[in-house]
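Residue strings, one per chain:
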Amino acid sequence: MLIKLKFEGLIAINLPQCILTNDTIMSNINPVIEKSWLSALYGEFSSSYFSDLKNFLLEEKKKFRIYPPGSEIFAAFNYTPFDEVKVVILGQDPYHGPGQANGLCFSVHDGIRKPPSLQNIFKELKNDLDIPIPQNGNLEKWARQGVLLLNATLTVRAGQAGSHQGQGWESFTDAAIQKLSEEKKHLVFILWGKFAQAKEAMIDPFKHHIIKSAHPSPFSADRGFFGSKPFSKTNDYLRSHQIPEIDWHL
């Protein structure tokens, strides 16, 4: 039996109640969610809050442009399978400007001007590891190495920051964080700013390493983000547990 969740061009998924494989998702429907995440989060898709979220997005789609495109809503999960996660960076919601959001927190599409927070992340990367500031703001290379770039809210109305908060996405992404904390060990959670740090209660500090600092936003970067060295600290921890380091070059 299949559970069909359709967002009329925004998102459509077919989920089996038994075996969870990519073959069970119709190949002509986008987006799909990577099979290990599908298995880990299966129960969320059939929950009442997710049904309400689906209905909300259907109505939003009728009236507004939604970012990111439907095929990129689950990009963070698809680039970084559950079984391959080594690092988690938490954001709040997608960029709301044209062409910016690509489903990875803090990341933008190729050729898109880097937003201020991302510029500051790259400044700290240079200060921390002496890596030249990238010309490109697309963080897919990090995601492919096991860095889960997860926004708490996975969609946003064009031009209106935070417009899809409180509609159910937070329950879905909280479930992902809890699943990682419970079922994996020796992950690094990078929590920038108060919003991300509010998620700390869901993370087992005896199994995982938590790095906290101010947010990289221009409004707070000078209050503890610059000089926090999250990239070298992450690699130090991974190396201490015989886990391959992240190559932070882009």
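Residues numbered from 1 in each chain as written. Predicted model: local features only at pLDDT ≥ 70, side-chain atom pairs only at ≥ 80, totals over all residues. Heavy atoms only, no water.

Another point: the overall build of the protein. Check the secondary structure of the protein and you find nine helices and eight strands. When each of the 250 residues of the protein is scored for burial, the buried share is 56%. A separation threshold of at least 6 residues defines the contact pool for the protein, and within that pool the share at least 24 residues apart is 65%. Carbon and sulfur atoms make up 49% of the accessible area of the protein, which amounts to about 11400 Å² in all. (Helix = DSSP H or I, 4+ residues; strand = E, 2+ residues; numbered from the N terminus. Buried < 20%, exposed > 50% of the residue type's maximum accessible area, 1.4 Å probe, protein only. Contact = heavy atoms within 4.5 Å. Areas by Shrake-Rupley, 256 points an atom, 1.4 Å probe, with all protein chains shown as cover.)

A separate point is the environment of Ser171. Topologically, Ser171 is positioned in helix 7 (residues 169–183). Residues Ser171 and Thr153, spaced 18 residues apart in sequence, show a C-alpha to C-alpha distance of 9.2 Å. Once residues lying within four places of it in the same chain are set aside, the contact partners of Ser171 are Glu44 and Tyr49.

Moving on: the confidence of the model for the protein. Mean pLDDT for the protein: 88, with 88% of residues reaching 70 or above. pLDDT under 50 marks residues 1–30. Its contacts with residues more than four places away, or in other chains, come to 73 contacts. (pLDDT = per-residue confidence, 0-100.)

Moving on, we get to the side chain of Arg157. Looking at where Arg157 falls in the secondary structure, it is placed in strand 6 (residues 156–157). A polar contact of 2.9 Å, which involves the side chain of Arg157, links it to the side chain of Glu60. Not counting the four nearest positions on each side in its chain, Arg157 is found in contact with Glu60, Phe64, Arg65, Ile66, His96, Ser163 and His164. (Polar contact = N/O pair within 3.5 Å; in protein donor to acceptor, adjacent residues only side chain to side chain.)

This part is about helix 9 (residues 230–240). Of all the positions in helix 9, only Pro230, Phe231, Ser232, Thr234, Asn235, Tyr237 and Leu238 are classed as buried. Its buried side turned inward, helix 9 meets strand 4 (87–91), helix 5 (116–129), helix 6 (140–144), strand 7 (188–192) and strand 8 (209–213).

Either a parallel or an antiparallel arrangement is found when strands of a sheet pair, and the pairing is made through backbone hydrogen bonds. Overall, parallel pairing links the four strands, which are arranged 5-4-7-8 in an open sheet. Strand pairing shows two members of the sheet lacking a second neighbour, strand 5 (147–151) and strand 8, which therefore form its edges. Averaged over all adjacent pairs, the angle separating strand axes in this sheet is 20°, with direction ignored. Two elements, strand 7 and strand 8, share five bridges in a ladder whose sense is parallel. Considered in strand 8, the bridge of Leu191 is made with Lys212. Helix 9 contacts strand 4, strand 7 and strand 8 of the sheet and is inclined by roughly 160° relative to strand 7. (Pairing = 2+ DSSP bridges. Axes fitted to C-alpha atoms, helices over the stretch in contact; angles between N-to-C directions.)

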